[in-house]
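Descriptive analysis of the structure
So you can see what is in the structure, the chains are spelled out below.
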Amino acid sequence: MGDGSTEATTRATEISRAATGRGPRLVAVGSGKGGVGRSVVAANVATALADSGQRVIAVDTDLGSANLHTLLGVEHPREGLSDFVARREEDLRKLAIETPVANLRLVAGTGGHLDDAQPDNARRVRLIRDLRQLDADWVVLDLGAGVHPATLDYFLVADDALLILSPEPTCIESAYAFLRAAFYRRLWQSMVSQNLRDLVTDAMDPRNERGIQNPLDLLREVEAADPAEGARFLRTVDEFRPKIVINGARSADDIRLGFSVVTVCRRYFGANFKYLGYINYDEAVRRSVIAKVPLVHFAKEADAANYLTRIARKISEPPPAVSLGRHR
Ligand SMILES: Nc1ncnc2c1ncn2[C@@H]1O[C@H](COP(=O)(O)OP(=O)(O)OP(=O)(O)O)[C@@H](O)[C@H]1O
Ligand SMILES: [Mg+2]
């Protein structure tokens, strides 16, 4: 990235901080299905942000299959997030270790211990608070696959929630399932009364007896029951802004798929989805994984490296001055 984008990045960070009054900007990289390139995207976006002069910490939250350290060229980390989760370490900052990439530190997943337990609710709240207090401009979270509440919560609290899809029907199906689970979890969290929390829980079952088929049906029921909860519902929908990334694109149809997914999701969820971009299928990615060097360093000139850098640039651009409003 040149000087111009560095300046834009710095401005974006300042804007984000001014808007939220908190520390680093959180980026979460998730997916419904495994093996679609989450860790490759997390490692390379973190590296590209670090290359632009930002202080970045990558965090491997995929405790069941932690391997972000390998993609970043860190061999056998002795400690990691699992030590925080298991309360062997109380200070998250101490777990951030240097990587071969300047400006980029890493909180590895599992250190010497082979546990894959996810944090319980209380530990998760503490972790999210501590992530926000890390001394960095950006924190990039590599998420596990699937809909574990911990995974959904990291995705929901992120300032930039990236959902990685590979252009295959199975992956698209899992992506919708993931988004649906995240969306309903967020709605459930935003409802104050137990009655309406129960209503959201019922609505999550597609065969529910109330006949609620989609979020709009649910909104009608919530508004009818309590207008204040209805207003909260709408605010929650407005704040749900996943960013879709297609990884492993091999054709124009694969690239266009991102637009279709965004259109369908906007219609279904009534929320502000965005198509952040695509990354082409590129053998150089596999070679960079084998070399244990992020692609944006291993082969800067590779197409996929350019697309990954572009994604990093897009998330660090200042947000548009005017809100786009809700899409229904
Ligand atoms: N754009 C791409 N082009 C070619 N190969 C790719 C691309 N992206 C990822 N891969 C290949 O897919 C493999 C899996 O990627 P990655 O480990 O990032 O997936 P993941 O979603 O994190 O998987 P897991 O569920 O195991 O955590 C990589 O090792 C690489 O070989
Ligand atoms: Mg992974």
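The sections below set out a description of the structure shown in this document. (Residues numbered from 1 in each chain as written. Chains lettered and ligands numbered in written order. Predicted model: local features only at pLDDT ≥ 70, side-chain atom pairs only at ≥ 80, totals over all residues. Heavy atoms only, no water.)

The next point concerns the overall build of the chain. Tallying secondary structure elements over the chain gives 14 helices and eight strands in all. For the chain, with 328 residues in total, the buried portion stands at 53%. If you take every contact in the chain between residues at least 6 apart in sequence, the share linking residues at least 24 apart comes to 75%. When the accessible area of the chain is evaluated, it comes to approximately 14700 Å², of which 51% is carbon and sulfur surface. (Helix = DSSP H or I, 4+ residues; strand = E, 2+ residues; numbered from the N terminus. Buried < 20%, exposed > 50% of the residue type's maximum accessible area, 1.4 Å probe, protein only. Contact = heavy atoms within 4.5 Å. Areas by Shrake-Rupley, 256 points an atom, 1.4 Å probe, with all protein chains shown as cover.)

With that settled, consider the sheet that holds strand S8 (residues 274-280). The eight strands are arranged S3-S4-S2-S5-S1-S6-S7-S8 in an open sheet whose pairing can be described as mixed. The outermost strands of the open sheet, each flanked by one partner alone, are strand S3 (97-98) and S8. For strand S1 (residues 25-30) and strand S6 (residues 160-165), the ladder comprises four bridges, and the chain directions are parallel. Bridging from a neighbouring strand, Gly30 pairs with Leu163 of S6. Running over the sheet, helix H2 (residues 38-51) touches S1, strand S2 (56-60), strand S4 (104-107), strand S5 (138-142), S6 and S8 and is turned about 170° from S5. (Pairing = 2+ DSSP bridges. Axes fitted to C-alpha atoms, helices over the stretch in contact; angles between N-to-C directions.)

Around ligand 1 lies a shell of 17 residues, among which Gly35, Arg38, Ser39, Val40 and Asn247 are the nearest. The side chain of Asn247 places a nitrogen or oxygen atom 2.9 Å from a nitrogen atom of ligand 1. In the environment of ligand 1, a nitrogen atom lies 3.0 Å from a nitrogen or oxygen atom belonging to the backbone of Asp282. Coverage of ligand 1 by the protein chains reaches 79% of its 640 Å² of free accessible surface. When residues of the shell around ligand 1 are traced back to their parent elements, those giving at least two are H2, strand S7 (243-249), S8 and helix H12 (283-291). Its residues placed into classes, the shell around ligand 1 shows six nonpolar, seven polar and four charged. (Near = heavy atom within 4 Å. Polar contact = N/O pair within 3.5 Å; in protein donor to acceptor, adjacent residues only side chain to side chain. Nonpolar A, V, L, I, M, F, W, Y, C, P; charged D, E, K, R; others polar.)

The terminal C-alpha atoms of helix H5 (residues 121-132), which comprises twelve residues, lie 17 Å apart, in line with the 16 Å expected from a rise of 1.5 Å per residue. Looking only at H5, the buried set comprises Arg123, Arg124, Leu127, Ile128, Asp130, Leu131 and Arg132. Considering only its buried residues, H5 is in contact with S1, S2, helix H4 (81-85), S5, helix H6 (149-157) and helix H7 (169-190). (Expected span 1.5 Å × (residues − 1).)

Let us look at the pattern of salt bridges. Enumeration according to the criterion identifies 24 salt bridges in this entry. Residues Arg132 and Asp159 are paired through a salt bridge, measuring 3.4 Å at the closest nitrogen-oxygen approach. Residue Arg132 is found in helix H5, and its partner Asp159 is found in the loop between H6 and S6; the two are separated by 27 residues along the sequence. Looking at Arg132, the relative accessible area reads 14%, which means it is buried. Through salt bridges with shared partners, a single ionic network connects Glu90, Arg123, Arg126, Arg129 and Asp130. (Salt bridge = Lys/Arg side-chain N within 4 Å of Asp/Glu carboxyl O.)

Attention now goes to the nonpolar core. By size, the foremost hydrophobic cluster in this structure holds 106 residues, and its most contacted members are Leu81, Leu131, Leu162, Leu218, Phe273 and Leu295. In this structure Leu162 touches Val27, Ala28, Val29, Gly30, Val41, Phe155, Lys243, Val245, Leu276, Ile311 and Ile315, once residues within four positions along its chain are discounted. (Core = buried A, V, L, I, M, F, W, Y, C linked by side-chain atoms within 4.5 Å.)

Moving on: the packing of aromatic side chains. Here the structure, examined in full by the defined rule, presents ten aromatic pairs. Plain terms: the ring middles of Phe269 and Phe273 are 5.5 Å apart, the flat faces sit at 20° to each other, and that makes the pair stacked. No difference in accessibility class separates Phe269 from Phe273, as the two residues are buried. Cluster of aromatic residues (ring-pair linked, three or more members): Phe183, Tyr184, Phe240, Tyr268, Phe269 and Phe273. Looking at Arg197, its charged tip hangs above the ring of Trp188, at a distance of 4.1 Å from the centre. Over the ring of Tyr278 we find Arg310; its NZ or CZ atom is 5.7 Å from the centre of that ring. (Phe/Tyr/Trp six-rings, centres within 6.5 Å; stacked < 30°, edge-to-face > 60°. Lys NZ or Arg CZ within 6 Å of the ring centre and 35° of its normal.)

A few words now on the environment of Asp202. Position of Asp202 relative to the elements: it lies in helix H8 (residues 194-204). Owing to a relative accessible area of 32%, Asp202 belongs among the partly exposed residues under this scheme. In this structure, the C-alpha to C-alpha distance between Asp202 and Leu218, residues 16 residues apart in sequence, is 9.8 Å. Apart from the residues within four sequence positions on either side, Asp202 is in contact with Asn208 and Arg210.

Side chains that are three or four residues apart share a direction in an α-helix, a result of its 3.6 residues per turn. End to end, helix H10 (residues 227-239) covers 19 Å across 13 residues, agreeing with the expected 18 Å (1.5 Å per residue, within 8%). Turning to H10, its buried residues are Glu229, Gly230, Phe233, Leu234, Thr236 and Val237. Projection of H10 onto a plane perpendicular to its axis shows the buried side chains occupying an angular sector of 160°, all on one side. Facing away from the buried surface of H10 by more than 90 degrees, the exposed residues are Pro227 and Glu239. (Arc of directions from axis to C-beta.)

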